[in-house]
Every structure is written in structure tokens, then in C-alpha cells.
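# Structure at a glance
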Amino acid sequence: MNVAGVARARARVVRNTLLPRRGRPGRGGRHPLLAAVLALLVAVLVGAALSALFETLAGAGATAARAAGTLALVLLASLAGLLVFDLHDAVSTLLLDPDLELLRRAPVPGIALLGLKLADALPRTSLLLVVVAIPAVVAFGLHYPLPAWGWITLPLQLAALWAIPLGAGTAAAVYLLRRLPARRAREALGLISTLTLVALWLANAFLLPRLAEPGPGLAPALDGGRDGLALLAAVSPAHWLANAVAAATAGQPLAAAVATAWLIVVAAAAVALAAWTGARHLGEVQARLAAAPAGRGRAPRATRSARRPRTMLGALLLRDARLLLRDWTVLGDVLTAAVLWTLLPVVGATLHAAPPALLARAMLLALTVGLGYEVAARALPFEREAAAWQRLAPVPVGRWIAAKLIGASAVAAPLMGLAAGTLALVFPLPAGTWPRLVSLALSALWLSIALGVWTGARFGDPTWTSPRAMLTLAGRISASGLLLAQAAIWFWLSALADIREAALPAGIGLWGPPLVGSLVSLLPIRAAMGRLSKLES
Amino acid sequence: MPGIAPPLEVSDLTRRYGRFTAVDRLSLVLRPGEILGFLGPNGAGKTTTLRVCAGLLRPDAGEVRVAGHSLAREPLRARAKLGLVPDRPFLYERLSAREFLEFIAAIYEVPATIANGRAEGLIARLDLEGANDLIETYSLGARQKVSIAAALLPDPPLLMLDEPLTGLDPRAARALKDLLRERAGRGLGVLVSTHLLEVAERLCDRAIILHHGRKVAEGTLDELRRAHGEATLEDVFLALTRESGEEPR
């Protein structure tokens, strides 16, 4: 293989991706530079939050060694995420990348092909490193000052932390693809990625805020964490990195060198394992994949049902129901996300005790705006390129959007009903509170679904491979900002209505939210219709 | 056939991608009962033209009329009168072929009794096996058959096909050609974009040759051969699409 020529070609691909030339448009409408800028923005936000955490710890008198326990937990979360996401990305890369067929036919050794594809996957496999691990270490270094040699060795340590899950994930991906049908492996990993995300989210939400709680609880919490995780600390690369950084802060170069050496040795072993597995089994895996192209597995049969749509709207809804119920990775992701969003306000409640009525309202609002993102924003990109039928068939764009709004409501409303029922059991609120709460939640849900459908129309990526990434990265970040703004505005409006109740018209708590929700939702609905009617295929 | 609007009329159609002009002031008329071949080398603008005529892309200038309805001013009426077999099929992976055709029938408002008969007829004629299996398990050829059946199901006055024989086995290819001939026999219009000249020679009544987005020739196959003094359509094609500086064959 002409390594220099291949490297030049890949560099051109990267350049043309980042700086598209004028001419025929590419597919997917991605904006890689914008995505990179937004990723950096998230990294800054994470860094700022962790900086505040380490500042609290330093202010409370926690030593570098104690605070390194917290840093290790953050790095461990990144490591776990990297491992699962790298495994998912390695499988997806080996199954779905568009130039795979070309590379398989070329006289390129299997191991070189694997290397090329992993290099292509670099932006995807390094995201958690950029947005979590690096900001965490930098935030630590700001409040527990590192000597110059500590900063110099950091890139090497972080590179080792990145290489460990990449090597292990790649080796595991090759092994999995030898054993399982390709489609099943990808779907299962998609769901595991979602569950990992939830686990990381819960750990982040419940564990870290407790560590930052001021008062006498801090030191026992840190020490308790260290004692409880002693075994993990001995074998975890995240802890080695944290220990190396803490040793550098304490001016102990030997301890730092030992921890760094462990990191490098294990990283080298992981990369060697990937290379060995690739050299030994990649040919077999590629032959299997070539015999059964991506997406082909056992031939499931659609259950023949007597249901026949009588109207155009009915046909659109029945199609969406069938597609959703048959895609268990997407369905599982939606259900998991619903639980995650409901729990969001509980995080704050552990730190600042809130009245039950306020907490129940916050939980329902968090779920409603979350459902707009999780369900409605996926409704259009979920169709992938078959969404072109919207422009090909004689279907008014309003009817297509109406089907999406009704379909998303049909999925979201039962989830919200379930959450409201659970809250009613957990928080015994006065009966008079519930009509206002339900009115507020339903109004917020409707607006959130309208905004979600617009988000899907604006930022949907028809070439998505992961159910969590049906929007472009820029779209996911914009949508997250939008839903935080919604939750804040609804919460502020409802609190204002509580405070000024006497001065406002009677019953505004009942009829106000539906009025606001339905009027404001006209804007995103019109925008979504405008977007769909202008989309091109 | 006097009094019947042509299935497709295109006037001065232009479509650009940035500074690149893919289709340049193209005009054409597809007559009722005609199979029109749309020929040209790769990148000539065939697929772009078909996508603009189907409403998937917007023109920068010019007008498209489908069975007398302007695609810009009466988009729903125009779309109801056309069927497209695209180069990459637009399919829902997790529907079966039967469910997909049922969906297409519903959104084109084909009455259920008629739709059922047509769907079963198309499944049988195109030899589409496993019509109750999910489309994600289909081969390239089977996907193309589903795409063809979906375009034919509403029985539109205009059918446009972009490289329709891709992936089809000889039996299915023959069945498709017969279906297209039958449609033309009923006075419906067919526009076939292809770079397979032997297919055009056997199937088409007339052909348009496109080069760099412009129409460089139009006529029946005999007219094209006579006008350019060449023995075969291939010779005509090569002569008309020769790049400047390229040696004549």
C-alpha cells in the first residue's frame, strides 16, 4: 500500500468535509465546522462546571489527593462512555461506512483497512475526551496548580486514556462481528450506548453534586468514595491518570511517572490487542459482512394484520406506528430517555429541598420538554430518505406535519400520563392542584412537540446510524438549548402566576397555559411546514 | 391524440448547484403513448432533470407541466399524475413490500379494492418473492422491484424511470419492458433515463441526448441516425457527446 498516497487522499477528504467546495451539494446537510465549534462550547461549559466543583473542594480544604478521587470519577465516566461508544462506533464503521466496499476490493491488508477506518472515526471516538476528560483535568489543574512538567506530560497521559478504550473496543467489535449477525450487534450496541448514557447521567446527577455539598459531609464523602472504590482505583486507568496529576501537583515526580507508566503500558497492550485481533480475524469478519450486507440479518416477516388505513392520515399514522414498534433500539431509547428526563429535577432537589408541589411541577415540565426532543424531533428523520415521499406524493405538507404531531402526541401522552400517575402516588398533593398541573403539562407538551417537529425538519440527518443521533450534532446542541429555554420559561410563567394570582383573571392557571401553548406552537408548526416544502432530495 | 394534455412538458428548465449548471434551458415534450429515452453520459444532467420534473428539486428557471398541471402552481395535482422510479429507491426498511404498497395506495388515494388488485398483479408480474418480509432483508434487485411497483401502483399518466434496470434479473427486466410498452399502448407517457443504449434502441420511440445539461439531439432513432450520418445509436451518441479535443472514433 502506498501509505503517503493514502494519507494524502484521506487528508483531502477531511479538507473537503470541513471546507466544502461550491458545486453540487453533499448529502445530509451536515456542518462539521459548526459541530466542532459547538463541541468546544460544550467542553467550555463542562470545564466551567467542574472548575466550580474543584473550587468548592479546594475552598473546603480538600487536598489534591482527595480531590483527585473526584477527578478520577469524572475520568472513569468518560472512560466507560468512550469504551461503549468506541465499540459502537467501531462496529458501525466496519459495517456502514460508504467507502468500505471500495476498500475491501482494494489490495489493502485487513489490518491497514482497520487502521484507516479507525482514523476516519477519530472525531467520533474522541468526543468524550474533548468535552469531558480534557476540561476535567484542566479544571483540576486550575485549582490544584500543576508544575510545568505536569502540563507537558498531560497530552501523553490523555492520549493513553483515549487509546485504551479504542483498542479494547475495536478488539471487542471484531470479536462480536465474528459471533453475531451484523445488524443485531449494531442494534444491541446502540441500546447499550443509551443505557450507558443513562448510567453516566445518573452518576453525574446524583454523585457529583453530593461531593460538592458544603459542610462537614465533604471529607467523609470523599474518603468514603475512596475506600469504597479502593479495588477499582487500583485497576482503573482513570484513577492512574488522576493519581499522576495529583502526584504532579504534590511535586512527586516518581509517583507520577509510575502512574503514567501504567497508563502507557495498558494503552500499548490495548492497541496491540486490537492489532492482533484485527490481523487474525478481520478477514473472516469482512468475508461475513460481504456475504450479508449491512442491514441484512435473518428475514423477519411482518405480521399480516387486518388493519387497513381508510384515510391518508390513517395511512401515515399506521406507517409510523409500524416503523417505531419494529425498531426496538429507537423505542428503547425513547423509553429510557423519558425516565431520564423525569428524574432531572430530582438532582436539584437533593441539594435544595423543594416543596412537593413545585418538585412535581418541575418533574412534569422536564418530562414534557424532554419528550418533545426525544419523540417529536425524531419523527421526521426517523423516515430516513423515504421522507422524500412527502415531496413526491400528492400529500399536502400540512397533513404530513399533522400526522407527525398526532403520532408524537400518541407516543408522548401515555408516557406523560404514566409519569403523572407515579408523581400522584409519590407526592400526595391537594386535589385542586392537579387540574392546573395537568393543564400546564399538556400545554407544555404540545408546544414542545411542535418545536420538536420543527427541530427534526430543520436539523434531521436522514443518514443517521445511532438512534441518539437522528439530528446533526449542531441540531442536538441547538435542540438541547431550546428545551432548556422552554422548561425555564414555563416554570417561570407558572411561578409568576402563583405569586400574582390575586391580580390575574380568574382561572388563568387553567386556561392560560393552553392559550399560550397553542398560540406559540403555531410558529414552529408554520416553520416546519415551510422547511418541508422547501427541502430537496 | 388530440385534446389530451401531454404527460410532460418542460420549458426552458435550468437548475444550478452553486455555480455549476446541471441543466441548462432544457425544453421537451413527452407525447401521450410515447416512450421517450433520456440519454447522456454520466453527469449530463439526466437525474437532476428527472428530480426537478418530479418535484424533488426546485428549478432555478423554467416550467414543468405534468398532464397539463404546472408543478409550481398546482403541485398536488401535478404530483398525483406522476410516478417516479428514482436511482436510489425511497423505501421504508421496516415495512414489508405489501405494507409499503398499501401505504403508497393510501397516500395516492387509490381505492382499496383497486389497489389490492393492482398490488398483487404487480407483485406477480415482477416476480417479487417474499412480499411479506421486511424490505430491509431484500436484495438490490428486489428493492428495485418494490420501487417500480410503487411508481406503477397509482397508474399515473406520467412515469419517469431513472436507470430502471439496475439490479434486475433478465426475467424482471423483460417484465418491466412489457409493462412500459403496455402503458404506452394505453396512451400513457414514459420517460426512461438510461445510459444503456441497446435498451433505448429496443424500448424507446424517441430519444433526447443530453450533454453538459443541454439537449444536443432529439428525434426518433432513425431520425437521429440519418441526421448525423451514423450507423448506430452508439455512434450518434459518441459523436454528439465527444469532448472538445477528443479524437473522433
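Residues numbered from 1 in each chain as written. Chains lettered and ligands numbered in written order. Predicted model: local features only at pLDDT ≥ 70, side-chain atom pairs only at ≥ 80, totals over all residues. Heavy atoms only, no water.

A few words on empty space enclosed by the protein. Residues and elements named next belong to chain A. Scanning the model with the defined rule gives 5 cavities of 30 Å³ or more in all. The volume enclosed by the largest cavity comes to roughly 80 Å³. What lines the largest cavity is simply Y373, E374, A377, R378, P467, R468, A469, M470, L471 and R476. Of the residues belonging to the lining of the largest cavity, the class tally is 6 nonpolar, no polar and 4 charged. Within this model, the second largest cavity holds a volume of roughly 60 Å³. (1 Å grid on protein atoms, 1.4 Å probe; cavity = no way out; pocket = protein on both sides within 12 Å on 5 of 7 lines; lining within 4 Å. Points joined across faces, edges and corners; volume = space filled by probe spheres on them. Nonpolar A, V, L, I, M, F, W, Y, C, P; charged D, E, K, R; others polar.)

Now for the pattern of salt bridges. Using the criterion set out here, one finds 34 salt bridges over all chains in the structure. Among the ionic pairs, R15 of chain B bridges to E536 of chain A, the shortest N-O distance being 2.7 Å. Of this pair, R15 of chain B sits in strand β1 (residues 8–17) while E536 of chain A sits in the segment after α22 (508–534), on two different chains. Take E536 of chain A: its relative accessible area is 30%, and that puts it in the partly exposed class. Residues R206 of chain B and E218 of chain B are paired through a salt bridge, measuring 2.7 Å at the closest nitrogen-oxygen approach. (Salt bridge = Lys/Arg side-chain N within 4 Å of Asp/Glu carboxyl O. Helix = DSSP H or I, 4+ residues; strand = E, 2+ residues; numbered from the N terminus. Buried < 20%, exposed > 50% of the residue type's maximum accessible area, 1.4 Å probe, protein only.)

This brings us to the environment of R65 of chain B. All names here are of chain B. When you line up the elements, R65 lands in strand β4 (residues 61–66). Classification of R65 as partly exposed rests on a relative accessible area of 24%. Along the chain, R65 and L197 lie 132 residues apart, while their C-alpha atoms are 27 Å from each other. If we skip the residues at most four places from it in the chain, R65 touches P7, L8, E9, S70 and R73. (Contact = heavy atoms within 4.5 Å.)

With that settled, the discussion passes to the packing of aromatic side chains. Aromatic ring pairs are described here by two measures, namely the spacing of the ring centres and the angle between the planes. With the rule as written, the count across this model stands at 9 aromatic pairs over all chains. Plain terms: the ring middles of F54 of chain A and F140 of chain A are 5.4 Å apart, the flat faces sit at 90° to each other, and that makes the pair edge-to-face. Of this pair, F54 of chain A sits in helix α2 (residues 32–59) while F140 of chain A sits in helix α7 (residues 127–143), placing them 86 residues apart in sequence. For the ring pair W389 of chain A and F100 of chain B, a centre distance of 6.0 Å and an interplane angle of 65° mean the geometry is edge-to-face. Placement of the pair is W389 of chain A in helix α18 (residues 389–392) and F100 of chain B in helix α3 (residues 97–107), with the two residues belonging to separate chains. (Phe/Tyr/Trp six-rings, centres within 6.5 Å; stacked < 30°, edge-to-face > 60°.)

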